[in-house]
Amino acid sequence: METELHNFVFVWVSVVAALIYCRYISGLVPVGPRRLLSFLPVILLFLLLPLRLTTISLGGLTAFFVAWLCNFKLLLLAFGKGPLAPPSPPLSLPLFVAVASLPIKISPSPDSKNGGGGDGLKSPANYVAKCLLVLSLFPLYQRSEYVHEKFMMMAYSIHMYIALEVALAAVGAAAGRLIGAAVEPQFDEPYLATSLQDFWGRRWNLMVTSILRPSVYDPVRSASGRLVGRRWATLPAVLATFAVSALMHELIFYYIGRKEPAWVVTWFFLLHGVATAAEVAAKKALRGTRWRLPAEASRPLTVGFVVVTGFWLFLPPLLRCDAVGKARRETIAVIEFGRGVWSTLRFISFSVASGP
């Protein structure tokens, strides 16, 4: 673990140094291919740095932050777009580094629509309740040989979703305090989605959505509009967005497990891309009619489709690279470390109170 921490520090010092270079270059080189060429060494570096880390808590999150989100933000910046290229004034260096390297989106208002505090996130009670739910699963893991496989897969799914949401919220809250700005939550209760559009576009991992929209969806939609017309240009844009997301998930899974891709995750996202495109087409065809599926029916259908296809195509690759096992072992290690620190502090306080 000590080696992992040393590598973690090295990786993030390298990331900050590279982003300082990018901030400097973006002020000297005009938008376009020349700026992109200046960023290419950094983009390549960010693809290689996560290979120095092996844990899912440090390595997996770093790969997601740096190899995916940060690289896409730099690609957008190369052409004067994205969160790193606001109209005016330009971002300060600390804010540039924070927005580039972390999964945060500055909220236009310090008030949270989810009832949270001034940091723009959800209420602490929301995250505490979800963490307690994860902790309640640990006795189940210890008796997994007596539990039905499908039930265990459901437990793993809940664990991974909550772990991802809480981790991103913690990073967002820390970054928000550091830069003195409110940040938007990354999840909006995805189990309440009433359609695939609602799930992927407005509820699940919203940082990815906000990056894929300007980098993939909008350009493909604009180009497709000249070929198939504006009415149906959304469909190839949706398919292209899911295809890019599929490839990036395969990359993240490789960082986590260091195993050759089996392309099962790609099929998961391609299937959801086709299903979402079909949903969009159906809505366009039925526009102007009274026919509309009520939320009481669309919500279980949407969540059921996500769960079934997730069990089939998404969760097995995660189990193959031991993501759930790593997360569980690392969580237990953190809990044991906390207990050890607490015992040490109690012993010191008792010794001081007792006196010589």
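Refer to the preceding data block for the structure.
Thresholds, definitions, all that
- Residues numbered from 1 in each chain as written.
- Predicted model: local features only at pLDDT ≥ 70, side-chain atom pairs only at ≥ 80, totals over all residues.
- Heavy atoms only, no water.
- Helix = DSSP H or I, 4+ residues; strand = E, 2+ residues; numbered from the N terminus.
- Areas by Shrake-Rupley, 256 points an atom, 1.4 Å probe, with all protein chains shown as cover.
- Phe/Tyr/Trp six-rings, centres within 6.5 Å; stacked < 30°, edge-to-face > 60°.
- Buried < 20%, exposed > 50% of the residue type's maximum accessible area, 1.4 Å probe, protein only.
- Expected span 1.5 Å × (residues − 1).
- Contact = heavy atoms within 4.5 Å.
- Bend = angle between axes of the 7 residues up to and from the residue.
- Core = buried A, V, L, I, M, F, W, Y, C linked by side-chain atoms within 4.5 Å.
- Patch = residues over 30% accessible without salt bridge, like charges linked within 9 Å, V, L, I, M, F, W, Y side chains within 5 Å.
- Salt bridge = Lys/Arg side-chain N within 4 Å of Asp/Glu carboxyl O.

Caption draft 1: Region of interest: the overall build of the chain. Helix and strand counts for the chain come out as 13 helices and 0 strands. Total accessible area computed for the chain in this model is approximately 19100 Å², and 68% of it derives from carbon and sulfur atoms.

Caption draft 2: Structural context of the packing of aromatic side chains. Throughout the structure, instances matching the rule amount to 15 aromatic pairs. An angle of 80 degrees between the planes, with centres 5.8 Å apart, marks the rings of Phe64 and Trp68 as edge-to-face. Here Phe64 and its partner Trp68 are both found in helix H3 (residues 56-78), 4 residues apart, which amounts to about one turn of the helix. In this pair, the class of Phe64 matches that of Trp68, namely buried. With centroids separated by 5.2 Å and ring planes inclined at 55 degrees, the aromatic side chains of Phe268 and Phe314 adopt a geometry described as tilted. Of the two residues, Phe268 is situated in helix H11 (residues 264-286) and Phe314 in helix H12 (residues 295-320); the sequence distance between them amounts to 46 residues.

Caption draft 3: H11, seen in detail. For H11, which comprises 23 residues, the first-to-last C-alpha distance of 33 Å matches the rise-based estimate of 33 Å (1.5 Å per residue) to within 8%. In this structure, the buried residues of H11 make contact with helix H8 (196-203), helix H10 (234-257) and H12. One or two steps after H11, the chain reaches Gly288, where phi turns positive at roughly 95 degrees.

Caption draft 4: Structural detail: helix H9 (residues 206-228). Here H9 is 23 residues long, yet its end C-alpha atoms lie only 28 Å apart, well below the 33 Å a rise of 1.5 Å per residue gives. The principal kink in H9, of about 50 degrees, is found at Arg213, preceding the proline Pro214 by one to four residues. Turning to H9, its buried residues are Met207, Val208, Thr209, Ile211, Leu212, Val216, Tyr217 and Ser224. Taken together, the buried residues of H9 touch H3, H8 and H10. Phi turns positive one or two residues past the end of H9, at Gly229, with a value near 90 degrees.

Caption draft 5: Local environment of the environment of Ile162. Position of Ile162 relative to the elements: it lies in helix H7 (residues 149-179). Exposure remark for Ile162: the relative accessible area of 3% places this residue in the buried category. Residues Ile162 and Phe187, 25 residues apart in the sequence, show an inter-C-alpha distance of 10.0 Å. With residues near it in sequence (within four places) discarded, Ile162 still touches Lys130, Cys131, Leu133 and Val134.

Caption draft 6: Summary view of the nonpolar core. Core analysis: the biggest nonpolar cluster contains 85 residues, and Leu19, Phe46 and Leu74 have the highest contact counts within it. Here this core takes 14 residues from H3, the largest share from any one element. For Leu19, the contacting residues outside a window of four places in its chain are Phe46, Cys70, Leu74, Phe96, Val97, Ala100 and Ser101.

Caption draft 7: View of a nonpolar patch on the surface. A grouping of Leu44, Leu47, Leu48, Leu51 and Tyr254 is seen on the molecular surface, where their side chains present a nonpolar patch of about 420 Å² in accessible area. Counting through the fold element by element, Leu48 comes out in helix H2 (residues 33-48).

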